[in-house]
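# Understanding the architecture of this molecule
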Amino acid sequence: MTIQWFPGHMAKARRQVTEKLKLIDIVFELVDARIPLSSRNPMIDEIIKNKPRLVLLNKADMADPKRTKEWISYFAENDIPALAIDSHAGVGMKQIVAEANLILKDKFDKMTARGIRPRAIRALIVGIPNVGKSTLINRLAKKKIAQTGDRPGVTKAQQWIKVGKELELLDTPGILWPKFEDQSVGLKLATTGAIKDTILNLQDIAVYALSFLKENYPLSLKERYQLEEIPSEIVPLFDEIGKRRGCMMPGGMTDYDKVAELVIRDIRSENLGKITFERP
Ligand SMILES: Nc1nc2c(ncn2[C@@H]2O[C@H](COP(=O)(O)OP(=O)(O)OP(=O)(O)O)[C@@H](O)[C@H]2O)c(=O)[nH]1
């Protein structure tokens, strides 16, 4: 479902998350491992304030493992614990519980010392649309949780989902908006499929993606499209890919829309390998 983020919706989404923060011990901030900055909410620090937090770099199966390591170090240097996970396959689920236990150890030890009976850690998943919140909840719950959604504007009763004995999750995640201010953020969100293609021009997205790949993953580009050399200009690169892939119009002109579509599809289905679009 696409959400139109108007200022009123943002305020409401923020209020809903703020309300839920009162109920929980820790926030699991879900980001896309391929674009860990662009897939973050720009106001997240201000919204969650000093609530303990664990950043989860989701879809790590699609990201460049070398870059994922760099990102985890980057977050650690900023005193934010982070883990790489793949909610789709269920990789990293045990580490989430272990890491949450570690982060909250002091708080829970103090509670025990004061004679408060140990209880499960309570967590809330937050993230921008399409980052994998429902997939993660279902993975952790080990069953499919009904998707009633917590769209800005829709309210429902809170329910806890048990994850083993040690963790409880709020069943509806907090949905927050991405950064929109910066054109390159929009292009990255579109390239990875986080926002609908119709919002941005397909050729613009492909120009961004191909320019990035040319600089950062030239070998993947060469291999996928059987290019001997990568043209230094973007239009000849479109032409070359078009020629190799039969994206031509009658009369021998390159069908640029078709090339754009093909490239974007290839990126999203990992045909160009594991790619990360941002470095710390
Ligand atoms: N490869 C891969 N795909 C994932 C992963 N997690 C989620 N996905 C896919 O990403 C898409 C979006 O996942 P959802 O769980 O619906 O995302 P969401 O954050 O709940 O989205 P909204 O309901 O729009 O807020 C789905 O197609 C998932 O299958 C992952 O770790 N790896």
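Residues numbered from 1 in each chain as written. Predicted model: local features only at pLDDT ≥ 70, side-chain atom pairs only at ≥ 80, totals over all residues. Heavy atoms only, no water.

For the protein chain, an unreviewed UniProt entry supplies the name Ribosome biogenesis GTPase A and the organism Fredinandcohnia quinoae. Heading Sequence similarities (unreviewed entry) of the UniProt record for the protein chain holds this comment: "Belongs to the TRAFAC class YlqF/YawG GTPase family. MTG1 subfamily." Word for word, the UniProt comment on the protein chain under Subunit (unreviewed entry) is "Interacts with ctc. Interacts with the immature 50S ribosome subunit. 2 molecules of rbgA bind to one 50S subunit." (UniProt positions renumbered as here; feature names shortened; annotations may be inferred.)

## A look at the UniProt feature "binding site: GTP" (unreviewed entry) in the protein chain
Listed under "binding site: GTP" (unreviewed entry) in the UniProt record, and renumbered for this structure, are N58, K59, A60, D61, N130, V131, G132, K133, S134, T135 and G174. Maximum C-alpha separation among the annotated residues is 23.4 Å over a sequence range of 117 residues, too wide for a single clustered spot. Topologically, V131 is positioned in the loop between β4 (121-127) and α6 (133-141). Residue placement: G174 occurs in strand β7 (residues 174-175). Owing to a relative accessible area of 1%, G174 belongs among the buried residues under this scheme. Sequence-distant contacts of G174, defined by excluding residues within four places in its chain, comprise V17, L124, I125, V126, G127 and K133. (Helix = DSSP H or I, 4+ residues; strand = E, 2+ residues; numbered from the N terminus. Buried < 20%, exposed > 50% of the residue type's maximum accessible area, 1.4 Å probe, protein only. Contact = heavy atoms within 4.5 Å.)

## Regarding the site of the ligand
Residues in close proximity to the ligand total 16 residues, the closest being D61, S87, K133, S134 and T135. S87 places a main-chain nitrogen or oxygen 2.8 Å from an oxygen atom of the ligand. Contact distances for the ligand include 2.5 Å between an oxygen atom and a side-chain N or O atom of T135. When the ligand is considered free in solution it has 660 Å² of accessible area, and contact with the protein chains removes 78% of it. Looking at the shell around the ligand element by element, the count peaks at three residues for α6. (Near = heavy atom within 4 Å. Polar contact = N/O pair within 3.5 Å; in protein donor to acceptor, adjacent residues only side chain to side chain. Areas by Shrake-Rupley, 256 points an atom, 1.4 Å probe, with all protein chains shown as cover.)

## Some points on the pattern of salt bridges
Under the definition given, this model contains 18 salt bridges. Close ionic contact of D25 with K107 constitutes a salt bridge, the shortest N to O distance being 2.8 Å. Placement of D25 in the loop between α1 (7-21) and β1 (26-32) and of K107 in helix α5 (residues 105-113) is noted, with a sequence separation of 82 residues between them. On the basis of relative accessible area, D25 is assigned to the buried category, the value being 3%. Residues R34 and D32 are paired through a salt bridge, measuring 2.8 Å at the closest nitrogen-oxygen approach. The exposure classification of R34 matches that of D32, with both residues buried. Via salt bridges that share partners, E29, R40, D45 and R53 belong to a single interconnected network. (Salt bridge = Lys/Arg side-chain N within 4 Å of Asp/Glu carboxyl O.)

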